[in-house]
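# Commentary on secondary and tertiary structure
Chain residues, written in single-letter form:
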Amino acid sequence: MKPLVWIVALAVLSYSTISGMVGHDHHVLIIAGATDGYLSPCGCVKPMSGGLRRRVTAIKQLSVPNMTTVIETGGFVKDSGRQDQMKAEAIAETMKLVKVAAINYGLEEARLGAGMAASLDRLSGEALVATGLGGGAIPVKKFKVSGPFLIGGIDPRIEQIGAALGSKLEPIDESVRALTDEAKESKLVPVLMTRGDLESAEAIAKKHPSLRLIVCSVKSSPYDAPRRVGDTLIVTPGEHAKYVVRIEWDGQAFTAYRFFDLGPEYADDKQAQEVYTAYLARVTSEDLLSMVPRSETDVFAGSAACAPCHAAEQRVWKASAHSKALATLEKEGHDRDPDCTGCHVVGLRSVNGFRSRAITPNLTDVGCESCHGPSKLHAMNPTKHKLAKVGKESCMPCHNTEHSPTFDFDAYWAKIKH
Ligand code: HEC
Ligand code: HEC
Ligand code: HEC
Ligand code: HEC
């Protein structure tokens with residue numbers, strides 16, 4: 001079977017068997033995280049995995065009522081601009097829909113500022129934890145209790161977090177010891193989320209053997225089986241909000257580890273869709289697209305200006321997917337989204353480039369000048385102003401591995417040859 005078929009089969013199988021199998025002492029732990037700003041599968045590649053809306057559906061399906069704890073590793077966004085703030089708030093809100101118990105508050109969240117911590121904490125249902133920071137001015141907790149678990153969170157980049165917030169964090173070892181001591185005292189199972197990698201998680205496990213589970217951060221998919229150091233298991237939800245991990249506590253040990261790839265078999269959750277739609281509406285109404293940085297370039301003529309002299313090229317272009325690229329975004333409500341529009345119009349990053357369909361109607365879509373560059377001078381006097389030869393390199397800024405993984409110049413060029 002193909003991997004995708006396996007994943008679908010596994011997902012169906014697990015859904016049908018999970019609920020019935022959970023015993024009295026069992027408690028389910030669901031682990032999500034590392035959204036990295038990827039709120040939605042971008043649609044450029046099909047089928048694509050991940051996204052907040054599917055994640056909520058999956059978590060709801062994998063939960064057992066009153067016997068489930070959901071945790072989130074944080075790593076909401078990559079930068080700290082206005083759109084990142086909006087994204088972080090949308091992520092926090094969708095996690096509240098699944099009653100998230102704890103979200104690890106780390107550097108990416110701290111960079112959004114202390115004010116945003118209050119907002120994220122409120123929107124998530126007071127879920128933020130930062131074990132080395134909690135109890136101070138920033139509204140985060142040292143630990144959260146949920147079911148049999150005591151959940152803590154750390155990020156090894158404590159100096160940078162301190163600098164971002166203007167507060168001092170405890171050293172990592174002290175934070176972890178505070179977690180294990182408190183767990184022992186209150187007879188709870190210590191679970192630690194860290195924004196560090198596997199190696200640093202293993203080092204923590206060696207130093208603090210009473211930890212039962214560490215959730216670490218990686219730039220890949222979850223492990224086929226949990227890593228183990230003594231009695232401590234190490235797991236990860238992978239990258240880009242593409243997966244969730246489910247594991248059960250049977251009263252003595254963690255068992256039944258599985259991870260789920262959030263493919264199209266998970267429908268969008270309705271409540272999460274509302275949060276997502278509201279997020280896109282905010283992006284549009286604050287007009288973030290008009291604030292993208294732009295540089296000086298030659299002037300564009302617009303695709304229509306080429307038609308009188310290049311009728312054959314124009315026909316090929318009109319029939320291609322490129323001439324409909326903005327409509328594609330409009331259909332999905334992403335046409336004012338700085339995350340998407342640059343590759344679906346002409347010259348978004350130029351002072352002379354696309355502004356909106358109304359203001360620059362000839363710079364919509366992937367136009368002639370998306371590949372040939374600004375050509376106004378040429379259009380006015382073609383023999384005097386020759387255009388440079390272009391080839392494969394003109395495709396790559398848009399057909400990159402993330403948005404066009406099957407790109408092959410010869411095969412793709414054959415479809416738009418002119
Ligand atoms: C880096 C450039 C880039 C960015 C950014 C980008 N796209 Fe695309 N998009 C592409 C390319 C290239 C394709 C064509 C991929 C292929 O067929 O190989 C595409 C195709 C698509 C398609 C598929 C059209 C179809 O019917 O097959 C959709 C939908 C889409 N993009 C939506 C989005 C959305 C939504 C975003 C933002 C969240 C986005 N894109 C961001 C480059 C980009
Ligand atoms: C400015 C960004 C951009 C550049 C540059 C670009 N493309 Fe595209 N390409 C796109 C987008 C966006 C789509 C998807 C359009 C849609 O369906 O809405 C696409 C779709 C395509 C498709 C259709 C894919 C399909 O499955 O039918 C082909 C073929 C293609 N591009 C070839 C090329 C080639 C070859 C080059 C370079 C010579 C190139 N493109 C340069 C953005 C770009
Ligand atoms: C997706 C990128 C892309 C788009 C869009 C595009 N072109 Fe091209 N065009 C190319 C590439 C690449 C070549 C060179 C092919 C080669 O060298 O064989 C080319 C070749 C040409 C040539 C021939 C150049 C020569 O040296 O013989 C002309 C004329 C031309 N394009 C005009 C247009 C016009 C007019 C449009 C819009 C209607 C357009 N192109 C849209 C990528 C594009
Ligand atoms: C007024 C007619 C006219 C218009 C408008 C025009 N071109 Fe051309 N184009 C020409 C002629 C004529 C040539 C051939 C020049 C030569 O071989 O000396 C040419 C050549 C080209 C070439 C091959 C490279 C070169 O400079 O010789 C490309 C690419 C090209 N045009 C793209 C475009 C694009 C893109 C537009 C629209 C922005 C456009 N042209 C608008 C007449 C025009």
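Rules used throughout
- Residues numbered from 1 in each chain as written.
- Chains lettered and ligands numbered in written order.
- Predicted model: local features only at pLDDT ≥ 70, side-chain atom pairs only at ≥ 80, totals over all residues.
- Heavy atoms only, no water.
- Axes fitted to C-alpha atoms, helices over the stretch in contact; angles between N-to-C directions.
- Helix = DSSP H or I, 4+ residues; strand = E, 2+ residues; numbered from the N terminus.
- Parallel < 35°, antiparallel > 145°, perpendicular 65-115°, else oblique.
- Left-handed = near helix turned anticlockwise from the far one by under 90°.
- Contact = heavy atoms within 4.5 Å.
- Near = heavy atom within 4 Å.
- Polar contact = N/O pair within 3.5 Å; in protein donor to acceptor, adjacent residues only side chain to side chain.
- Donors = N, O, S within 2.8 Å, 3.2 Å for Na, K, Ca; no water.
- Tetrahedral: all angles 85-135°; square planar, octahedral: opposite > 155°, others 65-115°.
- Buried < 20%, exposed > 50% of the residue type's maximum accessible area, 1.4 Å probe, protein only.
- Pairing = 2+ DSSP bridges.
- Domains from an automatic or database assignment.
- Buried area = accessible area lost by both parts, 1.4 Å probe.
- Salt bridge = Lys/Arg side-chain N within 4 Å of Asp/Glu carboxyl O.
- Core = buried A, V, L, I, M, F, W, Y, C linked by side-chain atoms within 4.5 Å.

## Let's talk about the packing of helix α2 (residues 52–62) against helix α9 (residues 270–285)
- Between α2 and α9, whose axes approach to 8 Å, the crossing angle comes to 155°. Judged by the inter-axis angle, α2 sits roughly antiparallel to α9. The hand of the α2/α9 crossing is right-handed. Together, L52, R53, V56 and K60 of α2 and Q271, A272, Q273 and Y276 of α9 make up the contact between the two elements.

## Considerations on the site of ligand 4
- Not every one of the 14 residues close to ligand 4 is listed here, only the nearest: C306, C309, H310, H378 and K386.
- A distance of 2.8 Å separates a nitrogen atom of ligand 4 from a polar side-chain atom of H310.
- Between H378 and ligand 4, the recorded distance is 2.8 Å, taken from a side-chain N or O atom to a nitrogen atom.
- Broken down by element, the residue count for the shell around ligand 4 peaks at three residues, all from helix α12 (residues 368–372).

## Digging into the coordination of the iron atom of ligand 3
- Distances from the iron atom of ligand 3 to its protein donors, namely H372 (NE2) and H418 (NE2), fall within the range 2.0 Å.
- Note that the iron atom of ligand 3 binds six donor atoms; their angles at the metal cover 85 to 180°, and the shape is octahedral. Taken together, the residues H372 in helix α12 and H418 in the segment after α14 (409–416) connect sequence positions 46 residues apart.
- The partly exposed category is assigned to H418, whose relative accessible area is 47%.

## What to know about the sheet that holds strand β11 (residues 243–249)
- The mixed open sheet is built from six strands, whose spatial order is β4-β3-β2-β1-β11-β12. Looking along the sheet, the strands with just one partner apiece sit at the ends: β4 (128–129) and β12 (254–261).
- When strand β3 (residues 102–104) meets β4, the two strands line up parallel, connected through two bridges. Note that in β4 the partner of N104 across the bridge is V129.

## Describing the domain arrangement of the chain
- If you check the domain split of the chain, you get domain 1 (3–278) and domain 2 (295–416).
- Put simply, the middle of domain 1 and the middle of domain 2, counted by C-alpha atoms, are 40 Å apart.
- Taken together, the contact between domain 1 and domain 2 spans eight residues of the former and eight residues of the latter.
- Summed over both sides, the interface between domain 1 and domain 2 buries roughly 660 Å², with carbon and sulfur atoms accounting for 43% of that surface.
- Joining domain 1 to domain 2, the criterion identifies one salt bridge.

## Some remarks on the nonpolar core
- I71, M95, Y105, L213, V244 and F254 are the most contacted members of the largest nonpolar core, which has 91 residues in total.
- One finds F300, L326, V345 and L363 within the second-largest nonpolar core, a separate group that totals nine residues.

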